[in-house]
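Results of the structural survey
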Amino acid sequence: MTFMPWSDEIAVGLSDVDEQHRWLVDCINQLHTELSSPAPRHDAIAQVLDGLMDYTMKHFIMEEELFERHAYPDIVAQKGQHNKFTSTIMNALTDHEDGANVSHDVLEFLKHWLIQHIMRTDKVYVPFLKAHGVT
């Protein structure tokens, strides 16, 4: 069973955003697979966390540019949420590089945060962006 399955329920209906969200879901699933293995590989975990950090930053920059371009009114709240998520990933990566094990709590946080963020925050901005011609 997949740790965090993709479903149409978490799709927002904007092709670029959904594609990026799918990648983030896949990355979280890769991290779960590695952490759940009998002998998690330190380098593989670091690679997944590094990729997750890099891609998340690119995704959030893309979203925030859309918000700025179209004067989305809740941009400050969105940026705050984005910063919290990237901070958690960065802390996990730094701790891992310092020799700490990445816990399943971090994995659960990533999963829960992403689903909640998509369902409660991202889906709120979709009608606004669609009304401004974003597809």
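Presented here is an overview of the structure given in this document. Each chain carries its own residue numbering, running from 1 in the written order of its sequence. Local features in this predicted model are restricted to residues of pLDDT 70 or higher, and side-chain atom pairs are both shown and tallied only at a pLDDT of 80 or more, whereas totals for entire chains, interfaces and linings draw on every residue. Hydrogens and waters are ignored; side-chain quantities use all the structure's heavy atoms.

A separate point is the nonpolar core. The definition of a nonpolar core used throughout is a set of buried Ala, Val, Leu, Ile, Met, Phe, Trp, Tyr and Cys residues joined through side-chain atoms within 4.5 Å. Buried means the residue's accessible area, taken with a 1.4 Å probe over protein chains only, is under 20% of the maximum for its type, while exposed means over 50%, and partly exposed covers the values in between. Core analysis: the biggest nonpolar cluster contains 37 residues, and Leu14, Leu31, Leu114 and Tyr125 have the highest contact counts within it. Strands are runs of DSSP state E lasting at least two residues, helices are runs of H or I lasting at least four, and both sets are numbered from the N terminus onward. The set of elements that each furnish at least two residues to this core consists of α1 (15-36), α2 (42-69), α3 (75-97) and α4 (104-131). At nine residues, the largest contribution of residues to this core is made by α2. What makes two residues a contact is simply this: any of their non-hydrogen atoms within 4.5 Å. Residues within four places of leucine 14 in sequence aside, it is in contact with Tyr125, Val126, Leu129, Lys130, Val134 and Thr135.

To continue, consider unusual backbone geometry. Of note in this structure, alanine 71 is not a glycine but carries a positive phi near 55°. With respect to the element layout, alanine 71 can be found in the loop between α2 and α3. Under the relative-accessibility criterion, alanine 71 is labelled exposed at 57%.

A few words now on a negative patch on the surface. Each patch is built from residues that are more than 30% exposed by relative accessible area and take part in no salt bridge. Like charges join if they lie within 9 Å; nonpolar side chains (Val, Leu, Ile, Met, Phe, Trp, Tyr) join within 5 Å. In these tables, accessible area is a Shrake-Rupley quantity obtained with a 1.4 Å probe, and a residue counts as shielded only by the protein chains included in the view. We define a salt bridge as a side-chain nitrogen of Lys or Arg found within 4 Å of a carboxyl oxygen belonging to Asp or Glu. Note that His is not counted, nor are the chain ends; the positive residues are Lys and Arg, and the negative ones are Asp and Glu. By convention, the point assigned to a charge is CZ for Arg, NZ for Lys, CD for Glu and CG for Asp. The grouping of Asp50, Asp95, Glu97 and Asp98 at the surface amounts to a negative patch. Residue position: aspartate 95 is located in helix α3.

All right, on to the pattern of salt bridges then. In total, this model carries three salt bridges according to the counting rule given. With its nearest N and O atoms 3.0 Å apart, the salt bridge here joins arginine 41 to glutamate 34. Glutamate 34 gets classed as buried once you look at its relative accessible area, which sits at 10%. Salt-bridge contacts for lysine 58 lead to aspartate 54; the nearest nitrogen and oxygen are separated by 3.2 Å. Of this pair, lysine 58 and aspartate 54 are both found in helix α2, four residues apart, which corresponds to roughly one turn of the helix. Lysine 58 sits in the exposed class, given a relative accessible area of 52%.

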